[in-house]
Amino acid sequence: MTANPILLQKKYSRVIECFAKQHGLSLDAALDFFYRSEVYQLIRDGVSDMHCMSDAYLSDELEQEYSQNIE
């Protein structure tokens, strides 16, 4: 299933904002990480209907990926 591109852009912005707040990152840093993440690729490609997941869930997924990249 593919999502409307405009709705996806809005979803991305909400997830990025939530992720930035959780980690105390600037929006620019969160945006940069998001667009390089596997989570973004999965949402963009429509894998497992990731775009249907809540913003908080996707932010948590980003957090896990971010923690793995720091180590």
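Now for a description of the structure that goes with this document. (Residues numbered from 1 in each chain as written. Predicted model: local features only at pLDDT ≥ 70, side-chain atom pairs only at ≥ 80, totals over all residues. Heavy atoms only, no water.)

### Details of helix α1 (residues 5-23)
And then number 1: Here α1 is 19 residues long and its end C-alpha atoms lie 27 Å apart, about the 27 Å a rise of 1.5 Å per residue gives.
And then number 2: Considered for burial, the residues of α1 that qualify are Leu8, Lys11, Tyr12, Val15, Ile16, Phe19 and Ala20. Projected down its long axis, α1 shows its buried positions confined to an angular sector of 165 degrees, all on one face. Pointing more than 90 degrees away from the buried face of α1 are the exposed residues Ile6, Leu7 and Lys21. (Helix = DSSP H or I, 4+ residues; strand = E, 2+ residues; numbered from the N terminus. Expected span 1.5 Å × (residues − 1). Buried < 20%, exposed > 50% of the residue type's maximum accessible area, 1.4 Å probe, protein only. Arc of directions from axis to C-beta.)

### Structural notes on the packing of aromatic side chains
And then number 1: Overall, the coordinates contain nine aromatic pairs when judged by the stated rule.
And then number 2: Considering the side-chain rings of Tyr12 and Phe34, the 5.4 Å spacing of their centres and the 55 degrees angle between planes classify their relative orientation as tilted. Of this pair, Tyr12 sits in helix α1 while Phe34 sits in helix α2 (residues 27-36); the two residues are 22 residues apart in sequence, bridging distant segments of the chain. The residues Tyr12 and Phe34 share a single accessibility class, namely buried.
And then number 3: With a centroid separation of 5.4 Å and an interplanar angle of 70 degrees, the aromatic rings of Tyr12 and Tyr40 are classed as edge-to-face. (Phe/Tyr/Trp six-rings, centres within 6.5 Å; stacked < 30°, edge-to-face > 60°.)

### Here we look at the environment of Val47
And then number 1: Tracing the chain through its elements places Val47 in the loop between α3 (38-45) and α4 (55-70).
And then number 2: With 45 residues separating them along the chain, Val47 and Thr2 place their C-alpha atoms 9.3 Å apart.

### With respect to the pattern of salt bridges
And then number 1: Enumeration according to the criterion identifies five salt bridges in this entry.
And then number 2: In this structure, Arg44 and Asp45 form a salt bridge, with 3.1 Å as the shortest nitrogen-oxygen distance.
And then number 3: Since its relative accessible area comes to 42%, Arg44 is described here as partly exposed.
And then number 4: Connected via shared salt-bridge partners are Lys11, Arg14 and Asp55. (Salt bridge = Lys/Arg side-chain N within 4 Å of Asp/Glu carboxyl O.)

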